Amino acid sequence: MSQTSPLPFLPFTKPTMDEATVSAVSDVLRSGWLTSNGPKVQAFEAQLSEYFGGRPVRTYNSGTCTMEIALRIAGIGPGDEVITTPNSWVATANVIIEVGATPVFADIDARTHNIDLDKVEAAITPRTKAIIPVHMTGLPCDMDKLYALAKKYKLRVVEDAAQAIGSTWKGKRIGAFGDFVSFSFQVNKNIMTAEGGCLVVNNAEEAKLAEKYRLQGVSRSGLDGIDVDVLGGKYNMTEISAAIGLGQLARLEEFNAKRLSLARHYFNSFGADFEAQYGAELPIADFEQSNWHMFHIVLPERFTRADFMQKMLDRQIGLGFHYAAIHLFSMYRARGFKEGMFPVAERVGRQIVTLPLFPLMNESDVERVVDAVKSILRG
Ligand SMILES: *Cc1c(COP(=O)(O)O)cnc(C)c1O
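What this report covers is the structure whose coordinates are included nearby. (Residues numbered from 1 in each chain as written. Predicted model: local features only at pLDDT ≥ 70, side-chain atom pairs only at ≥ 80, totals over all residues. Heavy atoms only, no water.)

Some words on the site of the ligand
Link 1 in the chain: Near the ligand there are 16 residues, and of these Gly63, Thr64, Asp160, Ser184 and Lys189 occur at the shortest range.
Link 2 in the chain: With respect to the ligand, the backbone of glycine 63 contributes an N or O atom lying 2.8 Å from an oxygen atom.
Link 3 in the chain: At 2.7 Å from a nitrogen atom of the ligand is found a side-chain nitrogen or oxygen belonging to aspartate 160.
Link 4 in the chain: Among the cavities detected, the one that contains the ligand is the largest pocket.
Link 5 in the chain: Grouping the amino acids of the shell around the ligand by side-chain chemistry returns five nonpolar, nine polar and two charged. (Near = heavy atom within 4 Å. Polar contact = N/O pair within 3.5 Å; in protein donor to acceptor, adjacent residues only side chain to side chain. 1 Å grid on protein atoms, 1.4 Å probe; cavity = no way out; pocket = protein on both sides within 12 Å on 5 of 7 lines; lining within 4 Å. Sits in = over half its atoms within 2 Å of the grid points. Nonpolar A, V, L, I, M, F, W, Y, C, P; charged D, E, K, R; others polar.)

Okay, here's the thing in structure tokens:
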């Protein structure tokens, strides 16, 4: 069946690009001003700030350095503990080690796949300085509970909202409230700049630091005044990326509306008895708050993921897996983490697959994926 399939390959994601954006990038290339805080970066930051309710926003070359910089702005370093989820892209935990602090994991909730805030509370010690929750697939964490906890224990929060642009909590946009909020514009995200990210901060003082950490710790004054008083890196966004970002941001609502309608179609196509019949788990059917960055299913234990992925590939359908449990990577095992510590993240990390979901898909693509999943699970 596989070799003779007339169907085109369906990847799990693909960016949408329009000619206007291609032209805007060409204009940047012709302008001679390619990087370092030019007009496109400034316009992109201004539009993002407006999008996030007027809060200060700075752009970067990734959604990883944004979190590292947030931790630096908060003064977090050696001797401090930061609590995060074991089920995320490894960046979320790596940044804690990068600043010299100690990562502490709290297991995830079996249904939302977001960090379990009761387990966060149980993991707090006198050394805990911050929490990095992830809004997994764009499904927001319980923000009331999260910020009540942060307030109670005087902790900073760095929201890893890499996947959550356009998601809301009780009608408020993720990023428009809270403490530090980090977004990624890596090519797979709901809007992208090829590579990139932005950080929402609380005030002008933090914004100043956010700029310094972005570029070698430099601050300038007058025509030739220059000083370096903190250790910064090289994390600035290029004009080329910002030109892409402006074109993408203009279409964010449209992209997310399309994702939502495809997600609805997944649920309709799987049908109400899918979980009971096939033993696989669907995501939470949130049609209000999620931006539907991804559509996950958790495979029953009788399937190994690699086999399942191969059978889908045989049908010309590419899947992702987001994510393997972080604490079981060698570098984390070397720090003392091991199997059995976070059983929910371990099971999800082993059995989760990401089905195709991106704005260029149509309903028949969804039906094709659902048919393939069902036929393999019946297998
Ligand atoms: C994409 C992503 C990141 C990292 O963003 P980059 O822009 O690739 O550095 C971090 N956390 C999560 C949850 C992500 O999805």
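Focus: the pattern of salt bridges
Link 1 in the chain: Tallying each qualifying case throughout the model produces 20 salt bridges.
Link 2 in the chain: The partner of glutamate 211 in a salt bridge is arginine 58, and the shortest N-O contact between them spans 2.6 Å. With a gap of 153 residues between them, glutamate 211 in helix α7 (residues 204–214) and arginine 58 in strand β1 (residues 57–60) connect regions that are remote in the sequence.
Link 3 in the chain: The partner of arginine 72 in a salt bridge is glutamate 68, and the shortest N-O contact between them spans 3.0 Å. Separated by four residues within a single helix, arginine 72 and glutamate 68 lie in helix α3 (residues 65–73), roughly one turn from each other. (Salt bridge = Lys/Arg side-chain N within 4 Å of Asp/Glu carboxyl O. Helix = DSSP H or I, 4+ residues; strand = E, 2+ residues; numbered from the N terminus.)

Overview of the environment of asparagine 87
Link 1 in the chain: Among the structural elements, asparagine 87 can be located in the loop between β2 (81–84) and α4 (91–98).
Link 2 in the chain: In sequence terms asparagine 87 and phenylalanine 337 are 250 residues apart; their C-alpha atoms lie 14 Å from each other.
Link 3 in the chain: Leaving out residues up to four positions away in the same chain, asparagine 87 has contacts with Ile108, Met136, His322, Tyr323, Ala345, Val348 and Gly349.
Link 4 in the chain: One polar contact links the side chain of asparagine 87 to the main-chain carbonyl oxygen of tyrosine 323, over a distance of 3.2 Å. (Contact = heavy atoms within 4.5 Å.)

Points about the packing of helix α9 (residues 252–270) against helix α14 (residues 363–378)
Link 1 in the chain: Between α9 and α14, whose axes approach to 9 Å, the crossing angle comes to 40 degrees. With respect to α14, the axis of α9 lies oblique. Two packed elements cross with a definite hand, and for α9 against α14 that hand is right-handed. Residues Leu262, His265, Tyr266, Ser269 and Phe270 of α9 pack against Glu363, Val366, Glu367, Val369, Val370, Val373 and Lys374 of α14.
Link 2 in the chain: Partitioning the contact of α9 with α14 into residue classes produces seven nonpolar, two polar and three charged. (Axes fitted to C-alpha atoms, helices over the stretch in contact; angles between N-to-C directions. Parallel < 35°, antiparallel > 145°, perpendicular 65-115°, else oblique. Left-handed = near helix turned anticlockwise from the far one by under 90°.)

Just geometry here; none of it tells us what the structure is for.
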